[in-house]
Amino acid sequence: MAKSLQIWKLFLTFAAVDRKILLYKNYFLDFYRKMEDAAQRKMDYVLDMLKTQPQVSQKFVKYIRDGVYELRAEYGGNIYRAFFIFDGNNIVMLFNGFQKKTQKTPQSEIEKAIKLKNEYYASKRES
């Protein structure tokens, strides 16, 4: 088992099961509002699992790198992805989202998520 996956499972085993979901700027919300209603409901379902379950299947959450995770929701043959990080033990920050068209997550989307993560932490230090 990959070390990052072991860390992820360990974190979720001991993490609180009532996590808060905070949005960084409007990146995720803009993406979410463009989704059709049924796809939004599927995304809500996955977000609710992330908020309340001690462990979430890799079908729905995947560790990418540098502390960035990918949330996965599939509806009607479309796959929707949103990147997030953990901030503290129980807060989930969501970043940019996109509709996945290929099997592999585009490197440009990963780089964008890492940039937003760094921007988020920089803005916290300034506060």
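Residues numbered from 1 in each chain as written. Predicted model: local features only at pLDDT ≥ 70, side-chain atom pairs only at ≥ 80, totals over all residues. Heavy atoms only, no water.

### Quick notes on the confidence of the model for the chain
Averaged over the chain, the pLDDT score is 83; the fraction of residues at 70 or greater is 83%. Summarising per-element confidence for the chain, the mean pLDDT is lowest in helix α1 (residues 3-14) (54) and highest in strand β2 (residues 61-65) (93). (pLDDT = per-residue confidence, 0-100. Helix = DSSP H or I, 4+ residues; strand = E, 2+ residues; numbered from the N terminus.)

### Details of the pairing of strand β4 (residues 78-87)
The element β4 is extensively covered by neighbouring structure, given that eight of its ten residues are classed as buried. When strand β3 (residues 68-75) meets β4, the two strands line up antiparallel, connected through seven bridges. By the bridge assignment, Ala73 is partnered in β4 with Tyr80. Hairpin connection between β3 and β4: a loop of two residues separates the two successive antiparallel strands, and Gly76 in this loop has a positive phi of roughly 55 degrees. (Buried < 20%, exposed > 50% of the residue type's maximum accessible area, 1.4 Å probe, protein only. Pairing = 2+ DSSP bridges.)

### Digging into the pairing of β2
Pairing geometry for β2 and β3, over four bridges, is antiparallel. Counterpart to Arg65 in the pairing with β3 is Val68. Following β2, the chain reverses through two residues before pairing antiparallel with β3; Asp66 in that reversal takes a positive phi of roughly 50 degrees.

### Re the pattern of salt bridges
Taken as a whole, this structure holds six salt bridges when the rule is applied. Residue Arg65 is joined to Asp66 by a salt bridge in which the shortest nitrogen-to-oxygen separation is 3.3 Å. Given the relative accessible area of 28%, Arg65 is considered partly exposed. Measuring nitrogen to oxygen at the nearest pair gives 2.5 Å for the salt bridge that ties Arg65 to Glu111. A residue pair is termed long-range when its members are at least 10 positions apart, and Arg65 in strand β2 and Glu111 in helix α4 (residues 107-126) qualify at 46 residues. A relative accessible area of 38% means that Glu111 is categorised as partly exposed. (Salt bridge = Lys/Arg side-chain N within 4 Å of Asp/Glu carboxyl O.)

### With respect to helix α2 (residues 27-34)
Among all positions of α2, only Phe28, Phe31 and Tyr32 are buried. When α2 is viewed along its axis, its buried side chains cluster within an angular range of 100 degrees and face the same direction. In α2, those exposed residues whose orientation departs by more than 90 degrees from the buried face are Arg33 and Lys34. (Arc of directions from axis to C-beta.)

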